[in-house]
Number of protein chains: 2
Amino acid sequence: MNRNSAQTHRIAPRTGVAFRLPKGAALVVVDPEGTQVSDLLAFAEADVREVISNGRTFDYEQTLSLTTGNRLWSNRSRVLLSIEEDTAGQHDFLLTPCSKDTFRHFYPDKPVHRGCFGNLAEALAPWGIAEDQIPVAFNCFMNVPVHADGSIDVLPPASKPGDHIVLRAHEDLVIGLTACSAYASNGGAFKPIDYRIDLQSEGNS
Amino acid sequence: MNRNSAQTHRIAPRTGVAFRLPKGAALVVVDPEGTQVSDLLAFAEADVREVISNGRTFDYEQTLSLTTGNRLWSNRSRVLLSIEEDTAGQHDFLLTPCSKDTFRHFYPDKPVHRGCFGNLAEALAPWGIAEDQIPVAFNCFMNVPVHADGSIDVLPPASKPGDHIVLRAHEDLVIGLTACSAYASNGGAFKPIDYRIDLQSEGNS
């Protein structure tokens, strides 16, 4: 069995899903059409109070620019995921998922959408994860340049059709994953996200 | 009553405290000797599951460089604190508090200390705040340059003796505050932090 034989799942535009990712498996997140963002959360299945932490990750990895070879650390200082492949090379771990509140704030003239935050909250509820337990997501393909004065922008992703990132689970995880709902992060073109789970162990690849 | 008449409290080196900060009051955090960091957390007293969020703050303030005029937002998209004065002009909201784990990771040849994380956890426990609820702190005076490639450094603070930051409470808050315990953040010289609470309302100042 090779990686490409795993079943590909499609996340419809402006929706989100949650699923189990067992220890040792790889999650492949694909931007099928390009220029789309996918918010990713990872919780330890054994105790969902343990979750990825941007602050712990920035500290241990000594960078805000996370790509192949970097690891995503939890609030309990354990590695939950490591990045094994990355054809995009640009992701964000600074910003929280878009929500009703961010829609009201940034797009006051547009319809309010529950956003990635609402989609993640609904998808993760069956695992006993409450809204307040949703931290900053690892935002695959999101383009957030940091300027010399510390100011930031949210620009359309530079990802091309088929760009993907492969993340290996270091623990049994609950994953939340979205096709982003916000205007700024995907250039106003709401698109799907694809993913697949490769259960093949690293040693057999 | 002017601001300087408020009682000054001293946080001993490598310790931390927690206290109530009522809505409308100002918290003045002072680096009395210079080149020291103070990790600051703020929780909504009415429901401590609401807490300052670096991701929400970066999103709404559109910058990583927070100073006079900027606001610290909660995970529920509400302003908990606003920065009214800032003589230092350099703080960090990227990194989590130092902990036993970060001591083992970054200083393997030095004695393990529970760090700001352990000090905050003990001080906040009486309010029913658990370790897993401690997010990225607003690290007053901490010097974390972000380079063009996204890499970061932790350098000694540039703060001078007497530098201070004044934060106004927008809700009734529980504050956690430390005199930092880590080697890198304060140049290896563990120093105290001073603070005072100015109950005077903004309109009467």
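Residues numbered from 1 in each chain as written. Chains lettered and ligands numbered in written order. Predicted model: local features only at pLDDT ≥ 70, side-chain atom pairs only at ≥ 80, totals over all residues. Heavy atoms only, no water.

The name recorded for chain A in an unreviewed UniProt entry is Urea carboxylase-associated protein, from Novosphingobium malaysiense.

Asks: Please explain the environment of Val28(B) as it appears in this structure.
Replies: All names here are of chain B. Inspection of the secondary structure puts valine 28 in strand S3 (residues 26–31). For valine 28, a relative accessible area of 0% corresponds to the buried category. Linking valine 28 and aspartate 86, residues 58 residues apart in sequence, is a C-alpha distance of 9.7 Å. (Helix = DSSP H or I, 4+ residues; strand = E, 2+ residues; numbered from the N terminus. Buried < 20%, exposed > 50% of the residue type's maximum accessible area, 1.4 Å probe, protein only.)

Asks: Looking at this model, I keep getting lost on the side chain of Asp39(A). Mind explaining?
Replies: Locating Asp39(A) in the fold gives a position in strand S4 (residues 38–44). Leaving out residues up to four positions away in the same chain, Asp39(A) has contacts with Pro97(A), Cys98(A), Cys116(A), Leu120(A), Ala137(A), Phe138(A), Asn139(A), Gly176(A), Leu177(A) and Thr178(A). (Contact = heavy atoms within 4.5 Å.)

Asks: I'm lost on the UniProt feature "domain: DUF1989" (unreviewed entry) in chain A in this one. Help?
Replies: According to UniProt, the positions carrying the feature "domain: DUF1989" (unreviewed entry) are residues 10–174 of chain A. The distance from the first to the last C-alpha atom of residues 10–174 of chain A is 18 Å, and the span holds 15% helix and 27% strand. (UniProt positions renumbered as here; feature names shortened; annotations may be inferred.)

Asks: I'm lost on the nonpolar core in this one. Help?
Replies: As a rule of thumb, nonpolar side chains are buried together in soluble globular proteins. Counting 110 residues, the largest nonpolar core has Val29(A), Leu81(A), Val29(B) and Leu81(B) as the members making the most contacts within it. In this view, Val29(B) contacts Ser38(B), Leu40(B), Cys140(B), Phe141(B), Asp163(B), His164(B), Ile165(B), Leu167(B), Leu177(B), Ile193(B), Asp194(B) and Tyr195(B); residues no more than four positions away in its chain are not counted. (Core = buried A, V, L, I, M, F, W, Y, C linked by side-chain atoms within 4.5 Å.)

Asks: Sorry if this is basic, but what is going on with the pattern of salt bridges here?
Replies: Note on pairing: side chains with opposite charge can pair once their charged atoms come close. Within the structure shown, the criterion is met by 24 salt bridges over all chains. Close ionic contact of Arg49(A) with Asp47(A) constitutes a salt bridge, the shortest N to O distance being 2.9 Å. Taking relative accessible area as the criterion, Asp47(A) reaches 21% and is therefore assigned partly exposed. A salt bridge links Glu171(A) to Arg78(A); its shortest N-O distance comes to 3.4 Å. Here Arg78(A) lies in the loop between strand S5 (71–73) and strand S6 (79–86) and Glu171(A) lies in the loop between strand S8 (163–169) and strand S9 (173–178), a separation of 93 residues in the sequence. A network of salt bridges, in which partner residues are shared, links Asp47(A), Arg49(A), Arg76(A) and Asp132(B). (Salt bridge = Lys/Arg side-chain N within 4 Å of Asp/Glu carboxyl O.)

Asks: Teacher, can you tell me more about the relation of the copies chain B and chain A here?
Replies: There are two copies of the chain, and a rotation about an axis plus a shift along that axis relates them. Rotating chain B by 180 degrees about the axis while translating it 0.0 Å along that axis superimposes it on chain A, leaving an RMSD of 0.0 Å. These values place the two chain copies in the arrangement generated by a two-fold rotation axis. Closest approach to the rotation axis among the C-alpha atoms of chain B is made by Ala148(B), whose C-alpha sits 3.7 Å away. Comparing interface residues between copies, 100% of those in chain B also lie at the interface in chain A; the contact surface is shared. (Least-squares fit on C-alpha atoms with pLDDT ≥ 70 in both.)

Asks: What is the right way to look at the interface of chain B and chain A in this model?
Replies: Accessible area lost upon the coming together of the parts is a frequently used measure of interface size. Between chain B and chain A, the contact holds 33 residues from the first and 33 residues from the second. Surface buried jointly by chain B and chain A totals about 2900 Å² across both partners, of which 51% is contributed by carbon and sulfur atoms. Where chain B touches chain A, the interface holds two salt bridges. Close ionic contact of Arg76(A) with Asp132(B) constitutes a salt bridge, the shortest N to O distance being 2.6 Å. Across the contact surface, chain B and chain A share 16 residue pairs in polar contact (both at pLDDT 80 or more). Looking at the side of chain B that touches chain A element by element, the count peaks at six residues for helix H1 (residues 54–61) of chain B. (Buried area = accessible area lost by both parts, 1.4 Å probe. Polar contact = N/O pair within 3.5 Å; in protein donor to acceptor, adjacent residues only side chain to side chain.)

Asks: Which parts of the structure should I look at to understand the state of the cysteines?
Replies: Summed over all chains, the structure comprises zero disulfides over all chains. We note that Cys98(A) lacks a disulfide partner, and the nearest cysteine sulfur, in Cys116(A), lies 3.8 Å from it. Overall, the relative accessible area of 9% leaves Cys98(A) in the buried class. Left without a disulfide partner, Cys140(B) is nearest to the cysteine sulfur of Cys116(B), which lies 11 Å away. (Disulfide = S-S within 2.5 Å.)

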